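Tertiary structure, described
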Amino acid sequence: MADDTGARLAAVPEPAQSPENAAPGNGSDGYLERRTLRRGSAGWLLLTGLGVAYVVSGDFSGWNIGLAQGGFGGLAVATVLMGAMYACLVYSLAELSAILPTAGGGYGFARRALGTWGGFLTGTAILIEYILAPAAIAIFIGDYVESLNLFGLTSGWPVYLACFVVFIGIHLWGVGEALSFSLIVTAIAVIALVVFAVGAFTQFDPSNLDNIAVDTTAAGASSWLPLGILGIWAAFPFGMWFFLGVEGVPLAAEEAKDPVRSVPRALSISMGILVLLALVTFLASTGARGAEAIKDAGNPLVVALEGDPGLSWLKTFVNYAGLAGLVASFFSLIYAGSRQLFALSRAGYLPRFLSLTSKRKAPYLGLLIPGAIGFALAAATGNGPRMLNMAVFGATISYALMALSHIVLRRREPGLERPYRTPGGIVTSTVAFVLAISALVATFLVDKDAAFIALAVYAVALAYFAFYSRHHLVASAPEEEFAALAEAEAELSRD
């Protein structure tokens, strides 16, 4: 049977398509040639830098709001649990990315395991994360610019517009240049976090950790859990902010050197770096000034240093470095969103013109349109925490579906070639799945309006897929071909 597998696969008919879409389905009109990325642009070092860059802004701003939701103890437990979720997810994705190294990332994994609906559900959830997270970060950048009094600017739409215009422009220049820029800025931010921690720990006082007033009406309330047991759950989205985005490394697979080896390696190393940064940032900033002082700050690391006049030089340094960290994440998340949009569009899940690439192999509309949406949201709301919660809503859905994809593929296709295997197998991905569902529910505890708004956007996208795009998919897209091959092999095995 194995000898004639190729001939029999060739005889498997493609999914029915309308005549207007038959040509893109077989690639005879140069459809894919107009939708190509620059291959071999990034090795494991640039990919590791990308993984850290996605997240490093979370150390400078955003996470501290979890102190208002759960206090030090609540946020600490939430961070440990969310760190465990990300670690399990990252190792699951390392296996999946080695199996299918394409720009589709999570969409491609879910498409193989869960079908077209699973692919679209996952890809759309990732898009919600990667369009809204830059909007939130642009607002936080505005807070840092205002605190630095740069050119007399205040946090507002001119700053947000400058962010989107300048950094999308760099992406349009080319992926190699963009990732090199990201690595440099990320290195500056990481060095700054280490310097900050050294200075802040000189002011460390354990009594500062639990100085938030206790809500005596909350179940299980104490000085460590001032908002009670439920505060742990409510702090989940903010514990995620120390790691949110690292799962985007596989989106660079088509532009990576030796992606089967480099993507899993970059995922593992970047996750290790992020765990260390989360630990020192959380303890140093909270212990230096106190949980009460920084829980609502837009620039918590700067506020953490305000208690000691002798650290004014460090305060200024961290403020500038914090701006660099925010820029690194903003810049990298725009990259990730454009690649997910590119892959979904190339396969026909979203309008196909969005995946056209320029002479420099950049998906220009995939950069410009999400950027315009992100800017409009930031300018219209100015509400970083709300944008953050909506981004987390999309992220948690995608995490659950990607973890489920790992479980399904392990059970349904145990013989699939796996150059990298997840430590712990489906136990690891099951832990990620359960914690992702718990984090999704937590978004409704923090800001139910934001969660329902994100849910409404999700519903509109699903309606578009149900009534239109699922009937116009492109069979020759890499992720679709990979899934079709699996279906054909399954049919052959049944014969």
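In the block above lies the structure referred to throughout.
Below is a short write-up of the structure. (Residues numbered from 1 in each chain as written. Predicted model: local features only at pLDDT ≥ 70, side-chain atom pairs only at ≥ 80, totals over all residues. Heavy atoms only, no water.)

**Let's talk about the pattern of salt bridges**
A full pass over the atoms with the stated rule returns ten salt bridges. For arginine 289, the salt bridge is made with glutamate 306, and the minimal N-O distance between the two is 3.4 Å. Of the two residues, arginine 289 sits in helix α10 (residues 259-289) while glutamate 306 sits in the loop between α12 (300-304) and α13 (312-346), which places them 17 residues apart along the sequence. Classification of arginine 289 by relative accessible area gives partly exposed; the value is 31%. For aspartate 449, the salt bridge identified is with arginine 386, shortest N-O distance 4.0 Å. In this pair, aspartate 449 sits in helix α17 (residues 448-467) while arginine 386 sits in helix α15 (residues 384-412), placing the two residues 63 residues apart along the sequence. According to the relative accessible area criterion, arginine 386 is partly exposed, its value standing at 25%. (Salt bridge = Lys/Arg side-chain N within 4 Å of Asp/Glu carboxyl O. Helix = DSSP H or I, 4+ residues; strand = E, 2+ residues; numbered from the N terminus. Buried < 20%, exposed > 50% of the residue type's maximum accessible area, 1.4 Å probe, protein only.)

**Notes on unusual backbone geometry**
Phi at aspartate 258 takes a positive value of approximately 45 degrees, unusual for a residue other than glycine. Within the fold, aspartate 258 resides in the loop between α9 (236-239) and α10.

**A short note on the packing of aromatic side chains**
Applying the stated criterion across every chain, the model contains 22 aromatic pairs. Centre to centre, the rings of tyrosine 86 and phenylalanine 243 are 5.6 Å apart; their planes meet at 35 degrees, and the pair counts as tilted. Placement of the pair is tyrosine 86 in helix α4 (residues 65-99) and phenylalanine 243 in the loop between α9 and α10, with a sequence separation of 157 residues. Phenylalanine 243 gets classed as buried once you look at its relative accessible area, which sits at 2%. Measuring from centroid to centroid gives 5.1 Å for tyrosine 107 and tyrosine 349, while their planes differ by 70 degrees, and the two rings are edge-to-face. Highlighted residues: tyrosine 107 in helix α5 (residues 106-148) and tyrosine 349 in the loop between α13 and α14 (364-381), separated in sequence by 242 residues. Through a chain of ring-to-ring contacts, the aromatic side chains of Trp63, Phe72, Tyr86, Trp224, Phe242, Phe243, Phe282 and Tyr399 assemble into a single cluster. Above the plane of the ring of tryptophan 44 lies arginine 265, whose end atom (NZ or CZ) is 3.9 Å from the centre. (Phe/Tyr/Trp six-rings, centres within 6.5 Å; stacked < 30°, edge-to-face > 60°. Lys NZ or Arg CZ within 6 Å of the ring centre and 35° of its normal.)

**Some points on the nonpolar core**
Counting 142 residues, the largest nonpolar core has Ile141, Met240 and Tyr399 as the members making the most contacts within it. Broken down by element, this core gets its largest block of residues, 18 residues, from α5. In this structure, Phe120, Leu341, Ala347 and Ala461 belong to the second largest nonpolar core, which totals 15 residues. (Core = buried A, V, L, I, M, F, W, Y, C linked by side-chain atoms within 4.5 Å.)

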